[in-house]
Protein chains: 4
Amino acid sequence: MIIVMQAEATAAQISEVEGALQTWGYEIHPIYGVERTVIAAVGAPTQDEARVSEQVESLPAVERAVLILKPYRFASKEYRPEKSVVKVGDVVIGGEGFVMMAGPCTVESEEQLMETARAVKAAGATVLRGGAYKPSTSPYSFQGMGEDGLKLLAQAREETGLPVITEVMHVGNIDLVCKYADILQIGTRNMQNYDLLIEVGKVKKPVMLKRGMSSKIEEWLQAAEYIIKGGNEAVMLCERGVRTFETYTRNTLDISAVLAVRELSHLPIVVDPSQGTGKSSMVPAMCKAALVVGADGLLVEVHPNPEKALKDGAQSITIPAFQTLMQEMAVIASAIGKKL
Amino acid sequence: MIIVMQAEATAAQISEVEGALQTWGYEIHPIYGVERTVIAAVGAPTQDEARVSEQVESLPAVERAVLILKPYRFASKEYRPEKSVVKVGDVVIGGEGFVMMAGPCTVESEEQLMETARAVKAAGATVLRGGAYKPSTSPYSFQGMGEDGLKLLAQAREETGLPVITEVMHVGNIDLVCKYADILQIGTRNMQNYDLLIEVGKVKKPVMLKRGMSSKIEEWLQAAEYIIKGGNEAVMLCERGVRTFETYTRNTLDISAVLAVRELSHLPIVVDPSQGTGKSSMVPAMCKAALVVGADGLLVEVHPNPEKALKDGAQSITIPAFQTLMQEMAVIASAIGKKL
Amino acid sequence: MIIVMQAEATAAQISEVEGALQTWGYEIHPIYGVERTVIAAVGAPTQDEARVSEQVESLPAVERAVLILKPYRFASKEYRPEKSVVKVGDVVIGGEGFVMMAGPCTVESEEQLMETARAVKAAGATVLRGGAYKPSTSPYSFQGMGEDGLKLLAQAREETGLPVITEVMHVGNIDLVCKYADILQIGTRNMQNYDLLIEVGKVKKPVMLKRGMSSKIEEWLQAAEYIIKGGNEAVMLCERGVRTFETYTRNTLDISAVLAVRELSHLPIVVDPSQGTGKSSMVPAMCKAALVVGADGLLVEVHPNPEKALKDGAQSITIPAFQTLMQEMAVIASAIGKKL
Amino acid sequence: MIIVMQAEATAAQISEVEGALQTWGYEIHPIYGVERTVIAAVGAPTQDEARVSEQVESLPAVERAVLILKPYRFASKEYRPEKSVVKVGDVVIGGEGFVMMAGPCTVESEEQLMETARAVKAAGATVLRGGAYKPSTSPYSFQGMGEDGLKLLAQAREETGLPVITEVMHVGNIDLVCKYADILQIGTRNMQNYDLLIEVGKVKKPVMLKRGMSSKIEEWLQAAEYIIKGGNEAVMLCERGVRTFETYTRNTLDISAVLAVRELSHLPIVVDPSQGTGKSSMVPAMCKAALVVGADGLLVEVHPNPEKALKDGAQSITIPAFQTLMQEMAVIASAIGKKL
């Protein structure tokens, strides 16, 4: 941590800060520049620095405290330089292959789910997605089928052999969701729902953590840290677009986040272009972008009749569109030596 | 709802959309313009429009669906044109007066809380704030004292007579928090934690709903709608800054949100300049801004020793600063005919 | 245009709005719904609607005016459904091929420029980029070599045969830049410098218009409209990242903007991953993303010694990195049937 | 400047960075921590640091360079600790008083301007605002009356005695605008139009620099630095709202920017709530907020018939509303000891 004193800081104020830093266990290295005194503080336990830095910034004549170390540990590349993999049955996320997770936004009926599950399996998807509990901005929107939806997902797994990823929205139904699902998804609105993070940290199922709607990558990795610190190392991240001033797309899908996560962390990262753009017309192209930048997989919404979907039809692609997409993806994957 | 067809829409596609709208219960009014056909759809239940509009946008040749009605009902000014008031003992929020809620960001010790409580009471605050459960970006930050903190808050109320507002972070401890608190606070990260909203909708305590970090005012009112629809009408809103590209302040405190809420809703609205700016140097001035634009109150972090605070010291003002603030606020309040 | 009246609008107020619309030349279609009156206004000249809608919104009891038609004409896909191409000598931008524009951020010396120009040409670039006038946030940063830089660019074209793209920063040096350059670039900070747009609209050189740092796609197309309306149809767009709350990358490169432009306009679109990410480590992957989503080309900063660059070294890739990139791009281009 | 080396930096890489820093004229203080080496670099000319830091970040094994000193000098509070004042005739901006600048968004006719000028003068305004050249997102919007508008402004000054502020949009008409105006306004879209900044730096008229739509306060002060460095010290700033995801208001007016500017700079700062909110209903309240947080003045759009305004009618207040506002402002100003 580097503490920058204000230009007008007195010797006594500088001493006070130095004393405080030593009390917190730091070794101090003051540098008396022409216009500013700067104090480098090294050697104390790093996880507390975010907190300590706030306190330091409250001391008189301190301009600001600059954190040098990352505010997360287990999620960092420094903790584990090689990539992590998450395994779900035969499916490996974060390895050499590229994993296609597909299915309806929301489970609506047995017919809708089974038709979609069979189709995406046939086209090459290896994980089935589908929501049983749906967070909705409006209390009047469809909120999902609940446990009935989970049962249908389990039935679809039974038939197709595809492991299932589905969202868990609150602590109270973690056990229930675990009973049916293979991967737990934490949605964008819950990225900083800390109790939920802590509780899924105790579970023996992989977790996919979506990026918060306006979360910095650093905050996202700190959210992952909550889960890993709790004991669950099987964490993967999912970029799903961030909120900007642009209104033509539902969100702005930050493809470079895949690269940022690679530079900072060992965790697998997948991309959700359905939520990320909100427009089915954009989904196939953004899938290809995710593939070529090196994402570990995709989460794609597919619906047999998007115009009849109870939720998010505008961003779901049809089954034929998914089949075409898989063929086009295969060509690119093959060209870049990636296994789809 | 207005449906805008694409320029190249065929007569058959227009008919299909018209048919679908009638199936959903709408009366339709097509307008065949020179460059576009537009279909006005009126008369169907309004709460479902958000969902229906998504489905309409998935139909072939539809460019977009424009919602005319507000996507919330109970929270709207149209539902209740006059302002609502929330009562907590003798304190009235949303009435003629201006309510000062003050106290430490986080309860740290009996001494810290009691000293602050006595001081803010003496200076004129009428509600005591203090966190027992603290959401933190880092899992290594101080997470609050939990029930011990709640007990101290109750003790402070006992002595000072100030009703207590404190955050409830998850469904599992609503009952516990209700046992000690007078007003439940939903934090910015939980504004779209729908299970929490639904559950506090069943409680017989007032709820203060903070604006999500990157929430539009419309989404904020939809979140309030969850609570009111659940049966709890004692909802007040709290503007606490939104996330922007600016880094000098912690957030960008949107003072105009007070006015927007007044134009759209009957719910009381208070302002939190401590979270909103992240800088104690800015808190007093922003308190005055909130007062003159017509907010119903403030939520201010006060700490006996901000530089020793376990959390958010940089945004807490000292007790003397709070005393000065109250005097300065009183002068302005008196000038504008508001009772502090 | 659709005018939404307030719920409490009186018959007289509705009549007043109807009258005003007719005065502006609209044919009106009022729809009297249960909760609202909505007036559809059709048939008047569309280009003025942005202005008229502002005036309508100032009338009593008007809630809002919703524009149905696009606020640009010549830049729209409706005006020209097929893609436009921009030709510069043998280079065609917007056609079947994919155009690589590469070179230093800023021209620094004959040696630096010539070395880079030869190398990018050898590796397959077909346009040479290089700044002679550099907009800089700080007045103390390097501002470019000016006309000497332009002369060096012309010399590099002479030797390599590569046409030159360079930025024009103000009206006063359009003539000078035109003397040396083949394509004029309008930078992000000048996207809404209307005098500059109007003046380059009079020039007989292609123009590349970068997206403003926080510009919506609609505003970007309106800026292009200024140029085309002025008489210069040889306009191409360049996505270069938008400003968000994320600080790890310099900007957030909006890859989906390529798709949005395709859906709304006929203009060619290229991508600048160097400015878009600010990180050389991310440039190659983002180049590939731009290729697979269907951009018409790229603008890439290449420097023989990025760590010695006078400007933006952190986002420039080395010559060997560019060579590798071109080989990798060729593989993908070939797989998707695109000619590099 | 503090250079943070990557965790895996070798001794040779650290030496290379140290050598480079010494070449640039820095005295170096390396600190070898447990997990990182950090190098403090002091003593070199500070204005170049932004540029040098970019180059340092391009060196191998450098994680990042942290600037300690402000990237502007003449605009900083450290350069001039006491507040600056800008004088225009008898009007002092930045002194003890609070300056009301009011008038139409755009000059439309003699009648409209004179009526407004007389009314705002009578109500207590001391500067007349009005646009003769108007930047417009759409090329089809009204672009202002040009020199005829300037002449009318001069005529209004003649009659009312109010000095005139008006926008200068490009270098080519600085002389013309100077002939008629007392204060030159640089609009939000031109905040980083560097040629314009450089040229108004040579002029002997005060300049009001509006904040860029998505500009950080630091960048805004760097833009002001361009003008002051050019020789014109009579610079004042104008907060006019920033772009966020919120769509209910036209911009998000950042009232805390007034405080930020006070903490960082000596320059006067005024607030424009008309552009800042885009809603006349919000203007009066936001004016009061600007007053109580300590702004030096306001820029308010007033129109005799907002619904007939050729531009921005929705954000213009009527003459009676302005009169009421001035009375209400006077009460508050008097309460806080400020002279209106």
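Residues numbered from 1 in each chain as written. Chains lettered and ligands numbered in written order. Predicted model: local features only at pLDDT ≥ 70, side-chain atom pairs only at ≥ 80, totals over all residues. Heavy atoms only, no water.

Colleague: For the sheet that holds strand E13 (residues 269-271) of chain C, give the residues involved together with the corresponding values.
Modeller: All names here are of chain C. Judged by pairing direction, the barrel is parallel, and its eight strands sit side by side in the order E7-E8-E9-E10-E11-E12-E13-E14 before closing back on the first. Neighbouring strand axes in the sheet, compared pairwise and without regard to direction, differ in orientation by 25 degrees on average. Of the strand pairs in this sheet, strand E12 (residues 235-239) and E13 are connected by three bridges, and their pairing is parallel. Bridge pairing in E13 links Leu-237 to Ile-269. In the packing of helix H4 (residues 147-160) onto the sheet, contacts are made with strand E8 (127-129) and strand E9 (164-167), and the angle to E9 comes to roughly 165 degrees. (Pairing = 2+ DSSP bridges. Helix = DSSP H or I, 4+ residues; strand = E, 2+ residues; numbered from the N terminus. Axes fitted to C-alpha atoms, helices over the stretch in contact; angles between N-to-C directions. Contact = heavy atoms within 4.5 Å.)

Colleague: Describe in detail the relation of the copies chain D and chain A, supporting the description with residues and values.
Modeller: For the pair chain D and chain A, the superposition axis carries a translation of 0.0 Å, the fit reaches an RMSD of 0.0 Å, and the rotation angle comes to 180 degrees. Considering both components of the superposition, the chain copies are consistent with a two-fold axis. For chain D, the minimum C-alpha distance to the rotation axis belongs to D:Phe245 and amounts to 2.2 Å. Taken together, the interface assignments show that 100% of the residues at the interface of chain D recur at the interface of chain A, consistent with an identical surface on both copies. (Least-squares fit on C-alpha atoms with pLDDT ≥ 70 in both.)

Colleague: Please give an account of the relation of the copies chain D and chain C that cites residues and values.
Modeller: For these two chain copies, the linking operation is a rotation about an axis paired with a shift along it. Mapping chain D onto chain C leaves a residual RMSD of 0.0 Å; the transformation is a rotation of 180 degrees accompanied by 0.0 Å of translation along its axis. Looking at the interface residues of chain D, 100% of them are also at the interface in chain C, so both copies use one shared face.

Colleague: Lay out empty space enclosed by the protein in plain terms, naming residues and giving numbers.
Modeller: Evaluated as defined, the whole model comprises 11 cavities of 30 Å³ or more. Considering only enclosed or pocket space, the largest cavity measures out at about 270 Å³ in volume. In terms of residue class, the lining of the largest cavity is made up of four nonpolar, 11 polar and four charged. Considering only enclosed or pocket space, the second largest cavity measures out at about 160 Å³ in volume. (1 Å grid on protein atoms, 1.4 Å probe; cavity = no way out; pocket = protein on both sides within 12 Å on 5 of 7 lines; lining within 4 Å. Points joined across faces, edges and corners; volume = space filled by probe spheres on them. Nonpolar A, V, L, I, M, F, W, Y, C, P; charged D, E, K, R; others polar.)

Colleague: Before we move on, can you summarise the interface of chain D and chain C with the specific residues and values?
Modeller: Facing the 46 residues of chain D at the interface are 46 residues of chain C. Of the roughly 4300 Å² buried between chain D and chain C, counting both surfaces, carbon and sulfur atoms make up 49%. Inspection of the chain D/chain C interface yields two salt bridges. The tally of links between chain D and chain C comes to 27 residue pairs in polar contact (both at pLDDT 80 or more). Sorting the residues of the side of chain D that touches chain C by element identifies helix H2 (49-57), helix H6 (194-200) and helix H7 (217-229) of chain D as the ones contributing at least two each. (Buried area = accessible area lost by both parts, 1.4 Å probe. Salt bridge = Lys/Arg side-chain N within 4 Å of Asp/Glu carboxyl O. Polar contact = N/O pair within 3.5 Å; in protein donor to acceptor, adjacent residues only side chain to side chain.)

Colleague: Could you give an account of the interface of chain D and chain A, naming the residues involved and the relevant values?
Modeller: Between chain D and chain A, the residue contacts involve 26 residues of the former and 26 residues of the latter. Where chain D abuts chain A, roughly 1900 Å² becomes buried across the two surfaces, and 68% of that area is made up of carbon and sulfur atoms. It is D:Ile31, D:Arg36 and D:Ile68 that lose the most area in chain D upon contact with chain A, and together they represent 26% of the buried surface on that side. For the pair chain D and chain A, the number of links is six residue pairs in polar contact (both at pLDDT 80 or more). At the level of elements, strand E1 (2-5), strand E2 (27-32), strand E3 (37-42) and strand E4 (62-66) of chain D are the ones that each hand at least two residues to the side of chain D that touches chain A. A breakdown of the residues in the side of chain D that touches chain A according to their chemical character gives 13 nonpolar, six polar and seven charged.

Colleague: Kindly report on the packing of aromatic side chains, identifying the contributing residues and their values.
Modeller: Applying the stated criterion to the full structure yields eight aromatic pairs over all chains. On the numbers, 5.1 Å between centres and 85 degrees between planes, the contact of B:Phe74 with B:Tyr79 is edge-to-face. When the ring centre of A:Tyr248 is taken as reference, the NZ or CZ atom of A:Lys279 above it lies at 4.4 Å. (Phe/Tyr/Trp six-rings, centres within 6.5 Å; stacked < 30°, edge-to-face > 60°. Lys NZ or Arg CZ within 6 Å of the ring centre and 35° of its normal.)

Colleague: An account of the pairing of strand E12 (residues 235-239) of chain B is requested, with residue identities and associated values reported.
Modeller: On a regular strand, each side chain points to the face opposite its neighbour's, so the side chains alternate between the two faces of the sheet. All names here are of chain B. Burial runs high along E12: five of the five residues are buried. In E12, alternate side chains face the same way, and those of Val-235, Leu-237 and Glu-239 on one face and Met-236 and Cys-238 on the other are all buried. Following the chain from strand E11 (residues 207-210) across helix H7 (residues 217-229) to the adjacent parallel E12, one finds a crossover that is right-handed. Once you follow E12 into helix H8 (residues 256-264) and on to strand E13 (residues 269-271), the crossover reads as right-handed. (Buried < 20%, exposed > 50% of the residue type's maximum accessible area, 1.4 Å probe, protein only. Right-handed = clockwise from strand over helix to strand, strands pointing away.)

Colleague: Give a description of the side chain of D:Gln185 that names residues and reports values.
Modeller: All names here are of chain D. In this structure, Gln-185 sits in strand E10 (residues 183-186). A relative accessible area of 5% places Gln-185 in the buried class. Non-local contacts of Gln-185, meaning those with residues more than four positions away in its chain, are made with Ile-165, Thr-166, Glu-167, Val-168, Met-208, Lys-210 and Leu-299.

Colleague: With reference to specific residues and values, describe the pattern of salt bridges.
Modeller: The full count for this structure, using the stated rule, is 72 salt bridges over all chains. Measuring nitrogen to oxygen at the nearest pair gives 2.8 Å for the salt bridge that ties B:Glu239 to B:Arg211. Separated by 28 residues along the polypeptide, B:Glu239 in strand E12 and B:Arg211 in the loop between E11 and H7 bring together distant segments of the chain. The same class applies to B:Glu239 as to B:Arg211, namely buried. One salt bridge connects B:Arg211 with D:Glu246, and the closest N-O pair in it is separated by 2.9 Å. Here B:Arg211 is found in the loop between E11 and H7, whereas its partner D:Glu246 is found in the loop between strand E12 (235-239) and helix H8 (256-264) on a different chain.

Colleague: A description of the side chain of B:Arg240 should follow, citing residues and the corresponding values.
Modeller: Residues and elements named next belong to chain B. Note that Arg-240 resides in the loop between E12 and H8. The side chain of Arg-240 sits in the buried core without any salt bridge; Asp-272 is the nearest counter-charge, 6.1 Å away. Dropping the residues within four chain positions of it, Arg-240 is found in contact with Thr-188, Lys-210, Arg-211, Met-213, Asn-251, Leu-253, Asp-272, Gln-275 and Gly-276. (Lys, Arg positive; Asp, Glu negative; His and termini not counted.)

Colleague: How would you explain the nonpolar core if you had to name every residue and give the values?
Modeller: Core analysis: the biggest nonpolar cluster contains 336 residues, and A:Phe322, B:Phe322 and C:Phe322 have the highest contact counts within it. Non-local contacts of A:Phe322, meaning those with residues more than four positions away in its chain, are made with A:Met100, A:Ala102, A:Val120, A:Ala123, A:Ala125, A:Val300, A:Val302 and A:Ile317. (Core = buried A, V, L, I, M, F, W, Y, C linked by side-chain atoms within 4.5 Å.)

Colleague: Which residues make up helix H1 (residues 11-23) of chain C, and what are the values?
Modeller: Turn by turn, an α-helix covers 3.6 residues, leaving residues three or four places apart pointing in a common direction. Residues and elements named next belong to chain C. Its 13 residues give H1 an end-to-end C-alpha distance of 18 Å, which sits within 8% of 18 Å, the value for a rise of 1.5 Å per residue. Every buried residue belonging to H1 is among Ile-14, Val-17, Glu-18, Ala-20 and Leu-21, and all of these are buried. For H1, the angular spread of the buried residues around the axis is 160 degrees, confining them to a single face. The exposed set on the far side of H1, more than 90 degrees from its buried face, consists of Ala-11, Ala-12 and Thr-23. In the core, the buried residues of H1 are packed alongside strand E1 (2-5), strand E2 (27-32), strand E3 (37-42), helix H2 (49-57) and strand E4 (62-66). Gly-25 lies just past H1 and shows a positive phi near 100 degrees. (Expected span 1.5 Å × (residues − 1). Arc of directions from axis to C-beta.)

Colleague: Please provide a residue-by-residue account of the packing of helix H10 (residues 283-293) of chain A against helix H10 (residues 283-293) of chain C, values included.
Modeller: To describe two helices that pack against each other, one gives the angle between their axes and the distance between the axes. Packing of H10(A) against H10(C) leaves a shortest axis separation of 8 Å and a crossing angle of 155 degrees. With respect to H10(C), the axis of H10(A) lies roughly antiparallel. Relative to H10(C), the crossing made by H10(A) is right-handed. Residues A:Ala285, A:Met286, A:Lys288, A:Ala289, A:Val292 and A:Val293 of H10(A) form the contact with H10(C), whose participating residues are C:Ala285, C:Met286, C:Lys288, C:Ala289, C:Val292 and C:Val293. Of the residues contributing to the contact of H10(A) with H10(C), the split by class is 10 nonpolar, no polar and two charged. (Parallel < 35°, antiparallel > 145°, perpendicular 65-115°, else oblique. Left-handed = near helix turned anticlockwise from the far one by under 90°.)

Colleague: Break down H8(D) for me, citing the residues and quoting the values.
Modeller: The buried fraction of H8(D) is high, at eight of nine residues. Within the span of H8(D), buried status applies to D:Ser256, D:Ala257, D:Val258, D:Leu259, D:Ala260, D:Val261, D:Arg262 and D:Leu264. The inward-facing, buried residues of H8(D) contact helix H9 (273-277) and helix H10 (283-293) of chain B together with H7, E12, strand E13 (269-271) and helix H10 (283-293) of chain D.

Colleague: If you had to explain the sheet that holds strand E10 (residues 183-186) of chain A to someone new, which residues and values would you point to?
Modeller: All names here are of chain A. Pairing is parallel in the closed barrel, where eight strands are placed in the order E7-E8-E9-E10-E11-E12-E13-E14. For this sheet the average axis-to-axis angle between neighbouring strands, irrespective of direction, equals 25 degrees. The strands touched by helix H4 (residues 147-160) are strand E8 (127-129) and strand E9 (164-167); relative to E9, the strand with the most contacts, the crossing angle is about 165 degrees. Where helix H8 (residues 256-264) meets the sheet, its contacts fall on strand E12 (235-239) and strand E13 (269-271), and the angle it forms with E13 comes to roughly 175 degrees.

Colleague: Go over the environment of A:Phe74 with me, naming the residues and quoting the values.
Modeller: Along the polypeptide, A:Phe74 turns up in the loop between strand E4 (62-66) and strand E5 (86-88). Taking the relative accessible area as the measure of exposure, A:Phe74 reaches 19% and is therefore buried. Discounting residues that sit within four places of it in the chain, A:Phe74 has contacts with A:Tyr79, A:Glu225, A:Ile228, A:Lys229, A:His266 and B:Tyr140.

Colleague: Any details on the packing of H10(C) against helix H11 (residues 319-335) of chain C? Residues and values, ideally.
Modeller: Residues and elements named next belong to chain C. In contact at an axis separation of 10 Å, H10 and H11 are set at 25 degrees when each is read in the N-to-C sense. When the interaxial angle is binned, H10 and H11 end up roughly parallel. In this structure, the crossing between H10 and H11 has a hand that is right-handed. Of the residues in H11, those touching H10 at Pro-284, Cys-287, Lys-288, Leu-291 and Val-292 are Leu-325, Glu-328, Met-329, Ile-332 and Ala-333. A per-class count over the contact of H10 with H11 returns eight nonpolar, no polar and two charged.

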